[in-house]
Amino acid sequence: MIIQGKKGSLVFYFNNKIVGSLPLGKRSLQDYEKQRDKLLREALEAEKFKEVKRIMWRGLHKFEGSPFKCDNQFLCMTMLCLIKLRQIDPDGLQEGLLQAPRRQSLRLPAPSDKKSAFQ
């Protein structure tokens, strides 16, 4: 399921499957990165670096196919953390992050009463 905002979405994929998405609009990629940094800071204050990586990988594998919306936020933050820790390449072939802007609709001019040059 892809959650789309006014400006598009961030789509996360793992093992060639979409595992989650975050809307862009009210929040930007930088906002999500600030949230990720706060989460990582709190985790590293409580646990060792190696343990934090292990927990993130286990969580990613456990919730990878979850259809629940509440797990979507967890998966996306986990992916952002693993990207920050350089465990996942954001532009990788098997896993990564795709920033998908919303398509702009083409607006046609309103029809006028004047005859066009082609008639």
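None of the values given here were measured: they were computed from a predicted structure.

**Examining the overall build of the chain**
Stage number 1. Of the regular secondary structure elements, the chain holds 3 helices and 3 strands.
Stage number 2. Order of helices (α) and strands (β) in the chain, N terminus to C terminus: β-β-α-α-α-β.
Stage number 3. Relative to its 119 residues, the chain shows a buried fraction of 34%.
Stage number 4. Of the contacts formed within the chain by residues at least 6 apart in sequence, a portion of 57% connects residues at least 24 apart.

**Here we look at the packing of helix α2 (residues 49–63) against helix α3 (residues 69–84)**
Stage number 1. Packing of α2 against α3 brings their axes to within 10 Å, and their N-to-C directions diverge by 140°. Regarding the angle of α2 to α3, the classification is oblique. The crossing of α2 and α3 is left-handed. Residues Lys53, Met56, Trp57, Gly59, Leu60 and Phe63 of α2 touch α3, and the partners they reach there are Asp71, Phe74, Leu75, Thr78, Met79, Cys81 and Leu82.
Stage number 2. In the contact of α2 with α3, the residues fall into 9 nonpolar, 2 polar and 2 charged.

**Some thoughts on the side chain of Asp71**
Stage number 1. Relative to the assigned elements, Asp71 resides in helix α3.
Stage number 2. Summary of buried charges: Asp71 has no salt-bridge partner, and the nearest side chain of opposite charge, Lys62, is 9.8 Å away.
Stage number 3. Apart from residues lying up to four places away in sequence, Asp71 is in contact with Phe63 and Ser66.

**Structural notes on the nonpolar core**
Stage number 1. In this structure, Leu10, Phe12, Leu22, Tyr32, Leu60 and Met79 are the most contacted members of the largest nonpolar core, which totals 24 residues.
Stage number 2. For this core, the leading source of residues is α3, giving 8 residues.
Stage number 3. Phe12 has contacts with Lys17, Ile18, Val19, Gly20, Ser21, Leu22, Cys76, Met79, Leu80, Gly96 and Leu97, leaving out every residue within four places of it along the chain.

**Thoughts on helix α1 (residues 29–46)**
Stage number 1. The first and last C-alpha atoms of α1 sit 26 Å apart over 18 residues, in line with the 26 Å expected at 1.5 Å per residue.
Stage number 2. Taken residue by residue, α1 has Leu29, Tyr32, Arg36, Leu40 and Ala43 as its buried positions. Viewed along the axis of α1, the buried residues span an arc of 75°, placing them on a single side of the element. Away from its buried face, by an angle of more than 90 degrees, α1 presents the exposed residues Lys34 and Glu45.
Stage number 3. Its buried side turned inward, α1 meets β1 (8–14), β2 (17–24), α2, α3 and β3 (96–101).

Calculation criteria
Residues numbered from 1 in each chain as written. Predicted model: local features only at pLDDT ≥ 70, side-chain atom pairs only at ≥ 80, totals over all residues. Heavy atoms only, no water. Helix = DSSP H or I, 4+ residues; strand = E, 2+ residues; numbered from the N terminus. Buried < 20%, exposed > 50% of the residue type's maximum accessible area, 1.4 Å probe, protein only. Contact = heavy atoms within 4.5 Å. Axes fitted to C-alpha atoms, helices over the stretch in contact; angles between N-to-C directions. Parallel < 35°, antiparallel > 145°, perpendicular 65-115°, else oblique. Left-handed = near helix turned anticlockwise from the far one by under 90°. Nonpolar A, V, L, I, M, F, W, Y, C, P; charged D, E, K, R; others polar. Lys, Arg positive; Asp, Glu negative; His and termini not counted. Salt bridge = Lys/Arg side-chain N within 4 Å of Asp/Glu carboxyl O. Core = buried A, V, L, I, M, F, W, Y, C linked by side-chain atoms within 4.5 Å. Expected span 1.5 Å × (residues − 1). Arc of directions from axis to C-beta.

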